[in-house]
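Summary of the model geometry
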Amino acid sequence: RLWWPALAIGDASYSLYLVQEFMLRSLHLVWLKGIASIFPLWTFIPLGIAIALLVAFASYWLFERPMTRWLNGVGRPRRIGFSVPLAESQPSTARI
């Protein structure tokens, strides 16, 4: 339970890799246009990290995870019919 935040970030790391540049650039433009006069610049870093993580988690849960599950199931052959357990399919050869 102690490691769940790190594990969640690890799961969403590829999404974070893909979205962080776009999120930080967009946030930087918004920051320069209006927020910069209200908040000091050092608050940009934690706010940027938090927003990039939130967007990465959303991308992971809404797109990456369902797409990965779907793609993993596409190439898998499907079996039709029932399998018979080994013990029932072969007659017993043990004699007393």
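Before reading on, note that the structure itself is shown above.
Here goes a summary of the coordinates provided.

What counts as what
- Within each chain, residue numbers correspond to sequence positions counted from 1 in written order.
- In keeping with the model being predicted, local features are shown solely for residues with a pLDDT of at least 70 and side-chain atom pairs are shown and tallied solely at 80 or more, while totals for entire chains, interfaces and linings include all residues.
- For the side-chain quantities, the full set of heavy atoms in the structure was used; hydrogens and water were omitted.
- Stacked, tilted and edge-to-face are the three classes assigned to paired rings of Phe, Tyr and Trp, where Trp is represented by its six-membered ring and a pair needs centres within 6.5 Å; plane angles under 30 degrees give stacked, over 60 edge-to-face, the rest tilted.
- Only protein chains enter the accessibility calculation, which uses a 1.4 Å probe; a residue is then buried when its area is under 20% of its type maximum, exposed when over 50%, and partly exposed in between.
- A carboxyl oxygen of Asp or Glu within 4 Å of a side-chain nitrogen of Lys or Arg is what we treat as a salt bridge.
- Starting at the N terminus, helices and strands are each numbered in turn, a helix being any DSSP run of H or I of at least four residues and a strand any DSSP run of E of at least two.
- Exposure above 30% relative accessible area and the lack of any salt bridge qualify a residue for a patch; like charges then connect within 9 Å, and the nonpolar side chains Val, Leu, Ile, Met, Phe, Trp and Tyr within 5 Å.
- Only the protein chains shown count as cover for residues, and all accessible areas are computed by the Shrake-Rupley method using a 1.4 Å probe.

**Details of the packing of aromatic side chains**
Scanning all chains against the criterion turns up three aromatic pairs. Plain terms: the ring middles of Tyr60 and Trp61 are 5.6 Å apart, the flat faces sit at 80° to each other, and that makes the pair edge-to-face. Among the residues examined, Trp61 registers a relative accessible area of 49% and is labelled partly exposed.

**Description of the pattern of salt bridges**
Per the stated rule, a full pass over the model turns up one salt bridge. We note a salt bridge from Glu21 to Arg25, for which the minimum N-O separation is 3.0 Å. Taken together, the positions of Glu21 and Arg25, both in helix α2 (residues 13-33) and four residues apart, correspond to about one turn of that helix. What makes Glu21 partly exposed here is its relative accessible area of 40%. On the basis of relative accessibility, which here comes to 55%, the residue Arg25 falls in the exposed class.

**Digging into a nonpolar patch on the surface**
Side chains of Phe63, Met67, Trp70, Leu71 and Val74 sit close together on the surface and give an oily, nonpolar patch of about 540 Å² of accessible area. Secondary-structure assignment places Trp70 in helix α3 (residues 44-74). Taking the relative accessible area as the measure of exposure, Trp70 reaches 55% and is therefore exposed.

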